Each structure stands twice: as C-alpha cells, then as structure tokens.
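Now for the letters of each chain:
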Amino acid sequence: MKIRTIFYSIRQGFKNIRRHSFFSLAAVGTITVSLVLFGFFYFVTQNVEYIIDNLQSEIAISVFFNEDTDDEKISDIGDAIKAREEVMSVEYISPDEALEIYKKTYEQGEEFSETFKDFNPLENYDSYTVYLKDVSRQDELVEYIESLDGVRVVKSDKTVAKNFSLFNSVIGYICTGIIVLLIAVAIFLIANIISMGITVRAEEIEIMKNIGATNAFIRAPFMVEGFTIGFTGAVVPLLILYPLYSRVAEYVAGRYGKVLGGKLVFIPTHDIFIRLIPIMLGIGIGIGLIGTVFTLVRKLRR
Amino acid sequence: MSEYNSRLRQFRDGDKPALELVNVSMAYQKDMEVIKDVSFSIDKGEFVFIVGHTGSGKSTLIKLLMRSLRPTAGKIYFNGQDTSRMRGNNLIKFRRKLGVVFQDFKLLKDRNVYENVAFAQRVIEKSNKEIAKNVPSVLSIVGLSDKYNANPKELSGGEQQRVAVARALVNNPLILLADEPTGNLDPKTSWEIMNLLDDINKCGTTVIVVTHSEDIVNAMQKRVIRMENGQLKSDVRKGGYDIED
Ligand SMILES: Nc1ncnc2c1ncn2[C@@H]1O[C@H](COP(=O)(O)OP(=O)(O)OP(=O)(O)O)[C@@H](O)[C@H]1O
Ligand SMILES: [Mg+2]
C-alpha cells in the first residue's frame, strides 16, 4: 500500500468517526470505563504483591533450641535449614544480640542496661531467624523445622502474608469478571459502529469494487476507525489514572511511610506506568481492531 | 491521453473479441433463469446497444459482463480470458480495464465533482500529480470544467451523468458499460450523453449501452442486441429499435 493511500485511508477513517460521533464516543467511553477499572485492579494487585515482596524479608521464622542442644547440633540444624530451597537466608542470633534487640524493641533505657550488665536473662535464648524466598511455603518449612531434633519452638507470623494473598485473588476474580464483560461490550459496540459504517458507505464500497479497489484499500478506513477508537479509549484512562495514582502513592508514602520499617509504600508512579502504558494501549487497540476485523470479515466477503 | 491510445491500440491488435458470451445462463434463485443460454460476441472498438422490455434481463447482462455476477452456466470471455475464473488480483486488474455508468449516476454526495472523479484514480492509487492532470482533462471532455467545485446535489441530471461518465473515463477503460445512462434524463440531455458516448467510442473505446430510448437507437444506426425474457431475440448490425414484431 502506498503512502498516499495510507493518508487517504486515515482521512476517510476520521470522516467515518465524525459521521457517527455519538456511537464512537459511546465506544470510547466503554473502553475507558473498562480500562480505568483494569487500572485500579492492576494498581491493587501489583502493589499488594510489591508490599508482600517487601514484607517477605520481614516475615521470618524464629527457631529456638532445647536447653541441652549443643553448639555443634545448633550449627547442623542451621545447615539443614539453609539447604531448603524456599529459604532465602538464615541468621544466627546469640543471647547477647537477643538482649540488644529486646532493649531496642521495648525502648528500655540506661537502667535496664545496668540491671543486666553481668547477667543475661536470655542466656539460653540463642536462635535462628530464617527468611523465606516465598512466604506461601511457610507452613511447609515450619513443619520441617519442627520435625528436627533439638528444636524447641518455631515462631512464625503468617497471617499478614496470607491475608494479603487472599485479598489479591478475590479482587482478581471480581475485577476480571467485570473487565471481561466490559471488553465484550466494547467489542460489540465497535463491531456495530463498523457495521453501520459499511451500511452507510455501501454504495461507495460497491463503486470501489467496480473500479477495481483492492481489499486492503476498501478495508483500511475501517481499520483506521477501529484503531483510533481503541487507541483513544486507552489514552483517556491513562490520563485519568496517572495523576490519581501519583497522588494516592504520595499520600500513602506520607502517612504510612514509617510503619513496618518503611515497607508499606506503593510502587513509584513512573515504575508502574512504564509497565501499565503498553498493556493499556495493547488492550485498547486490540479491542478496536478485533471489533473491526470481526465485522469486516463477516460483511465484506467478496 | 497518448499512453491511453497506445493501451487501446495494443488491446485492439489482438484478434480475440473484447467480450464473448458462450451459452450463458443466470438464475438469482434456483430454477429461475433470468438469462437463458445467451451467446454473442462484441469486437474491440464496437458500439453496441442492448434493448428489450423491462425485466428482460439487460441489467443482469451488464452485471455479468462486469463480473459483478457470475453465470450459473456458460462462459464469458474478456479478450480470451474466462472472467468467472478471475480471482483476487486478476479480478481487480480486469475491473480496472472497465468503466461503468448507471442510470442513477451513483455519485458520492459527500464530495464535490472534482473529488468524485478523482475518487476513481485514488482507488487505483494514482499519485496526486497524475490526478491533478487527468481529472481536469476528463472534466473538459465531458464539458464540466467550470463545475469542478460543485456538489453533485447542485447539478442537473445531465450534468451528474456527465460526472459519472468522467469518473468512468478517467482510468482509461478499454470497455465502457452503461446501464440506462439516459434513463433519468430528458430527450435533449439524453442526446448529449449519447453523443458523448459516441465520441468516446470514436476514440477507440468499446462501448456497450443499455437503453429504452427508441429515437436515439433508431437515429444512431449502431449494432442492436435485443433481449426478451432472458433470451437473445435479435442481433442486428446496423439496426433500429423496432425491427421485430
Ligand atoms: N437481485 C435480484 N434477485 C432476484 N431477482 C432479480 C434480481 N435482479 C433482477 N432480478 C430479476 O431478474 C429479471 C431481469 O431483471 P433485470 O434487472 O436484468 O431486467 P432489465 O432488463 O434490466 O429491466 P429494466 O429495463 O426494468 O431495467 C427480472 O425478472 C428481475 O425481477
Ligand atoms: Mg435494468
């Protein structure tokens, strides 16, 4: 196809859009709504995952030992845990370090330090802190460690991650359902717009065929039309979502930035949009072209 | 126009007929033939009238000739090639060698005269430079140079048909097919259009015209093919409208 034909097709495509601007707007609107929803869905799931990832390093298992477990045994247990593939790292915490941590956590002052200068009440409380690569395999690991000889207590805090994951999948199902429905409506609307366009231009198409137009020449304006509607339907939600997200992310950072060791922050606006923009454009343009091609194949067979 | 002339000459040099129908039948619905076993051939450079009562199958015949329809039986040859076998690119090439004109003009109301004629050139992807040269040239042939910017709605029937003829001519067809081109026009305007088609024929283009205008057919003394109930009733070299009965 020649360049001038492409320009001609673009002009004709825009003429079609103007000719039934109401329906074109309706289609753009539907795509916009479905993609705004998709955007919310994407933000929530991505951020939950991001936060879980961040917290993952915080969510650890503490392993304590029987009083009669000697140092060699403890070190063997450490090696056994380290060998597990779901384990990211294992950190040994001596009784002295444990006391330090206790002091910090409960903000004890000078008096406390004086009292326990020569006597560590946590003498037998040396432990391993085990960090996981994947919190979802926590149960498995706890079970394993408990089965090891010489281990006294295994403490794990799994509720946070569990709840987050569940939340994510529930949101996922609901949003996927709504989005699929809206996308179907959008494809249907575009198919109808193109179908109307073919009807309105039936005589012109007839003349074109008689003159000896190629299939591509006849179809190109409709492709331009479908593409433009889909593209616009993707750009509008991006323009809505970008300022919205950056504001929410800022708010969350200001409000919760210091909670949980600064782990409860959102993905930076730029980082998330760099991934979201191509996805949205792909879906929008995809909707436009699928609706168009579907109708063209059905209605313009020679 | 010189390139067109050499194309025409090349086309006319071959010894095959421009169009040839061999035992052609056509039915829109099963067992309802509206064209029944019709055979005739049209030589290159001929001017042929097709006449007959309403419903006798003239328009169907034109649609078969332009390969807008395919015969249910028989063959149609263009310059020796079986048109019903043409597909894709071959069909497109064939259509580009034809010009067609209809009773209802079939102009595009959303663009002016110039763009209506240019449309035919855009469809076959001519450059703007060629379009700017060819369109004024055919508009002057049909005598509409000064109306190039008018909308079809602002033109008389005769003028609209001239635009349609210009559009059919601009791509330099080897064969011009016209289905009742004067059906909506008064006698004087009809004559102008027929004379225009005659002039085009004199330049070498094969012209086939379906018409109900007895006076014109009688006066022009061209070949006349008469259809009746889908069959070929008569085919007279230099005929008038009313030779039969
Ligand atoms: N698309 C169609 N589907 C079914 N039957 C058709 C169709 N087009 C034409 N016919 C029938 O075929 C027969 C021939 O029609 P056609 O239009 O070829 O006649 P015609 O000679 O051009 O008539 P007129 O002088 O009125 O234009 C008629 O009986 C008509 O009813
Ligand atoms: Mg007819």
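Residues numbered from 1 in each chain as written. Chains lettered and ligands numbered in written order. Predicted model: local features only at pLDDT ≥ 70, side-chain atom pairs only at ≥ 80, totals over all residues. Heavy atoms only, no water.

A. Representation of the overall build of chain A. Of regular secondary structure, chain A possesses 10 helices and 4 strands. Reading chain A from its N end, one meets helices and strands in the order α-α-β-α-β-α-α-β-α-β-α-α-α-α. Per-residue burial for chain A yields a buried fraction of 43% across its 302 residues. Within chain A, residue pairs in contact and separated by at least 24 positions form 86% of the contacts whose partners lie at least 6 positions apart. Total accessible area on chain A is roughly 16,500 Å²; 62% of this is exposed by carbon and sulfur atoms. (Helix = DSSP H or I, 4+ residues; strand = E, 2+ residues; numbered from the N terminus. Buried < 20%, exposed > 50% of the residue type's maximum accessible area, 1.4 Å probe, protein only. Contact = heavy atoms within 4.5 Å. Areas by Shrake-Rupley, 256 points an atom, 1.4 Å probe, with all protein chains shown as cover.)

B. Spatial organisation of the domain arrangement of chain A. Here chain A is partitioned into domain 1 (3-55 + 163-300) and domain 2 (60-156). Between the C-alpha centres of domain 1 of chain A and domain 2 of chain A the distance comes to 51 Å. (Domains from an automatic or database assignment.)

C. Representation of the confidence of the model for chain A within the structure. Of all residues in chain A, 87% have pLDDT values of 70 or greater, and the mean over the chain is 83. Ranking the elements of chain A by mean pLDDT puts helix H5 (residues 110-115) of chain A last with 69 and helix H10 (residues 269-299) of chain A first with 92. (pLDDT = per-residue confidence, 0-100.)

D. Geometry of the interface of chain A and chain B. Of the residues lining the interface, 21 residues belong to chain A; the matching set on chain B comes to 24 residues. Both sides together, the interface formed by chain A and chain B hides about 2,000 Å², and carbon and sulfur atoms give 54% of it. The residue Glu-204 of chain A makes a salt bridge to Arg-111 of chain B at a minimum N-O spacing of 3.1 Å. For the pair chain A and chain B, the number of links is 9 residue pairs in polar contact (both at pLDDT 80 or more). Put simply, the parts of the chain that give the side of chain A that touches chain B at least two residues each are helix H1 (3-19) and helix H8 (202-211) of chain A. Sort the elements by how many residues they give to the side of chain A that touches chain B and H8 of chain A lands first, with 8 residues. Across the side of chain A that touches chain B, the residue classes tally to 7 nonpolar, 5 polar and 9 charged. (Buried area = accessible area lost by both parts, 1.4 Å probe. Salt bridge = Lys/Arg side-chain N within 4 Å of Asp/Glu carboxyl O. Polar contact = N/O pair within 3.5 Å; in protein donor to acceptor, adjacent residues only side chain to side chain. Nonpolar A, V, L, I, M, F, W, Y, C, P; charged D, E, K, R; others polar.)

E. The arrangement of the sheet that holds strand E7 (residues 175-179) of chain B in detail. All names here are of chain B. Strand order in the open sheet made by the 6 strands is E6-E7-E8-E3-E9-E10, with mixed pairing throughout. Pairing within the sheet leaves two strands with one partner each, and these edge strands are strand E6 (98-102) and strand E10 (231-236). Across the sheet, the mean angle separating the axes of adjacent strands is 15° when strand polarity is ignored. Bridging between strand E9 (residues 223-228) and E10 involves 5 bridges; their strand directions are antiparallel. Note that in E10 the partner of Val-224 across the bridge is Val-236. (Pairing = 2+ DSSP bridges. Axes fitted to C-alpha atoms, helices over the stretch in contact; angles between N-to-C directions.)

F. Broad picture of the site of ligand 1. Residue and element names in this part refer to chain B. Close to ligand 1 lie 13 residues; Thr-54, Gly-55, Lys-58, Ser-59 and Thr-60 are nearest. At a separation of 2.7 Å, an oxygen atom of ligand 1 approaches a polar side-chain atom of Ser-59. Those elements giving two or more residues to the shell around ligand 1 turn out to be strand E1 (19-29) and helix H2 (58-65). A per-element tally of the shell around ligand 1 places H2 first, with 3 residues. (Near = heavy atom within 4 Å.)

G. Highlighting the packing of aromatic side chains. Under the defined criterion, the tally for this structure stands at 15 aromatic pairs over all chains. With a centroid separation of 5.1 Å and 70° between ring planes, the pair formed by Phe-47 of chain B and Phe-49 of chain B is classed as edge-to-face. For the pair Phe-47 of chain B and Phe-49 of chain B, a shared accessibility class is recorded, and that class is buried. A centroid spacing of 5.0 Å and a plane angle of 65° characterise the contact between Phe-78 of chain B and Phe-94 of chain B, whose relative ring orientation is edge-to-face. Of this pair, Phe-78 of chain B sits in strand E4 (residues 73-78) while Phe-94 of chain B is found in helix H3 (residues 88-95), placing the two residues 16 residues apart along the sequence. Overall, the relative accessible area of 1% leaves Phe-94 of chain B in the buried class. In this structure an aromatic cluster arises from ring pairing among Phe-43, Tyr-242, Tyr-245, Phe-266 and Phe-273 of chain A. The ring centre of Phe-11 of chain B lies 4.7 Å from the NZ or CZ of Lys-44 of chain B, which sits over that ring. A cation over a ring is seen here: Lys-106 of chain B above Phe-102 of chain B, with NZ or CZ 5.1 Å from the ring centre. (Phe/Tyr/Trp six-rings, centres within 6.5 Å; stacked < 30°, edge-to-face > 60°. Lys NZ or Arg CZ within 6 Å of the ring centre and 35° of its normal.)

H. Up close: the pattern of salt bridges. This structure, assessed with the given rule, holds 22 salt bridges over all chains. The partner of Arg-111 of chain B in a salt bridge is Asp-110 of chain B, and the shortest N-O contact between them spans 3.0 Å. Since its relative accessible area comes to 32%, Asp-110 of chain B is described here as partly exposed. A single salt-bridge network, built from bridges that share partners, covers Lys-15, Arg-19, Arg-201 and Glu-204 of chain A together with Asp-110 and Arg-111 of chain B.

I. Summary view of the nonpolar core. Of all hydrophobic cores here, the largest spans 85 residues; its most connected members are Phe-49 and Leu-197 of chain B. Dropping the residues within four chain positions of it, Phe-49 of chain B is found in contact with Met-194, Val-209, Thr-211, Ile-216, Val-217, Met-220, Lys-222, Arg-223, Val-224 and Ile-225 of chain B. (Core = buried A, V, L, I, M, F, W, Y, C linked by side-chain atoms within 4.5 Å.)

J. Summary view of the sheet that holds E4 of chain B. Residue and element names in this part refer to chain B. Sheet architecture is open: 4 strands sit in the order E2-E1-E4-E5, paired in antiparallel fashion. Among the strands making up the open sheet, the edge pair consists of strand E2 (32-42) and strand E5 (81-82). Contacts between H2 and the sheet are confined to E1, E2 and E4, with E1 contributing the most and set at about 115° to the helix.

K. Layout of unusual backbone geometry. All names here are of chain B. Positive phi, normally seen in glycine, also occurs at Asp-37, with a value near 50°. Along the chain, Asp-37 falls in strand E2. If you check the backbone angles, Gln-221 has positive phi at about 50° while not being a glycine. Secondary-structure assignment places Gln-221 in the loop between helix H8 (214-220) and E9.

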